[in-house]
Amino acid sequence: AEELGFCAFHIWQLESVSSPLGASVGFAKLTEQISRIVAARANSPNSHHAAKLIRDSAECHVCRLLREAEQNYLLQLAEFVVPEEGRVSYVRSQGVCLRHLGLWLPFLPDDVVKLVLQHSALRFEEMAEDMQSYSMKTEALRRYLRNKDEEDAYLRAVVHFAGAKSSCIPMSKEVEI
């Protein structure tokens, strides 16, 4: 309450795992604090100016912990792909989502950056081909010819575009790892 809670996304996540009683107890102090801030603002000569009443993802403690964890994992992954064995293993994988790819590149040596970007381009090309093949086979009533890669290609592509649905959080443009 003293720190105005979390960002809106994490407040809703907390609410989703809280009972009505738990949420009432837990959010009461935050609500009282916001009431005091708004009341003080009402009596301020500058009451018409914009006021920050709730945290955004740049100031959220949960978002900060996530950014620190992301940075740690990206550093570990960067160390993993520097030796040849790590590169071979990475090329066999589906790669990382675009958001993490962009955050990861500054941690990589130039030769590894090229490899990682080429791998990402190849995976997106493969997913696009699988989606097109799936569409053609479905429209041509040849559903029996579809394979598993074609059937879930759209989902793999979306996960790579936007991250996993269950762990996707809004991030401020100004926030960097």
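The model shown is predicted, which means the values in this text are computed figures rather than measured ones.

Caption draft 1: Broad picture of helix H4 (residues 84–92). All of the buried residues in H4 are Gly86, Arg87 and Tyr90. Considered in projection along H4, the buried side chains sweep an arc of 100° and stay on one side of the axis. What points out from H4, more than 90 degrees from its buried face, is the exposed set Glu84, Glu85 and Arg92. Contacts from the buried residues of H4 go to helix H3 (61–81), helix H5 (98–104) and helix H6 (110–139).

Caption draft 2: Examining a nonpolar patch on the surface more closely. Residues Tyr154, Leu155 and Val159 make up a contiguous nonpolar surface patch of roughly 270 Å² in combined accessible area. For Tyr154, the location among the structural elements is in helix H8 (residues 153–162).

Caption draft 3: Region of the structure containing the state of the cysteines. Enumeration over the complete set of coordinates arrives at zero disulfides. Not engaged in a disulfide, the cysteine Cys60 finds its nearest cysteine sulfur in Cys7; these two sulfurs lie 3.8 Å apart. Free of any disulfide, Cys63 has its nearest cysteine sulfur in Cys7, 3.7 Å distant.

Reading the values: rules and limits
- Residues numbered from 1 in each chain as written.
- Predicted model: local features only at pLDDT ≥ 70, side-chain atom pairs only at ≥ 80, totals over all residues.
- Heavy atoms only, no water.
- Buried < 20%, exposed > 50% of the residue type's maximum accessible area, 1.4 Å probe, protein only.
- Helix = DSSP H or I, 4+ residues; strand = E, 2+ residues; numbered from the N terminus.
- Arc of directions from axis to C-beta.
- Contact = heavy atoms within 4.5 Å.
- Patch = residues over 30% accessible without salt bridge, like charges linked within 9 Å, V, L, I, M, F, W, Y side chains within 5 Å.
- Areas by Shrake-Rupley, 256 points an atom, 1.4 Å probe, with all protein chains shown as cover.
- Salt bridge = Lys/Arg side-chain N within 4 Å of Asp/Glu carboxyl O.
- Disulfide = S-S within 2.5 Å.

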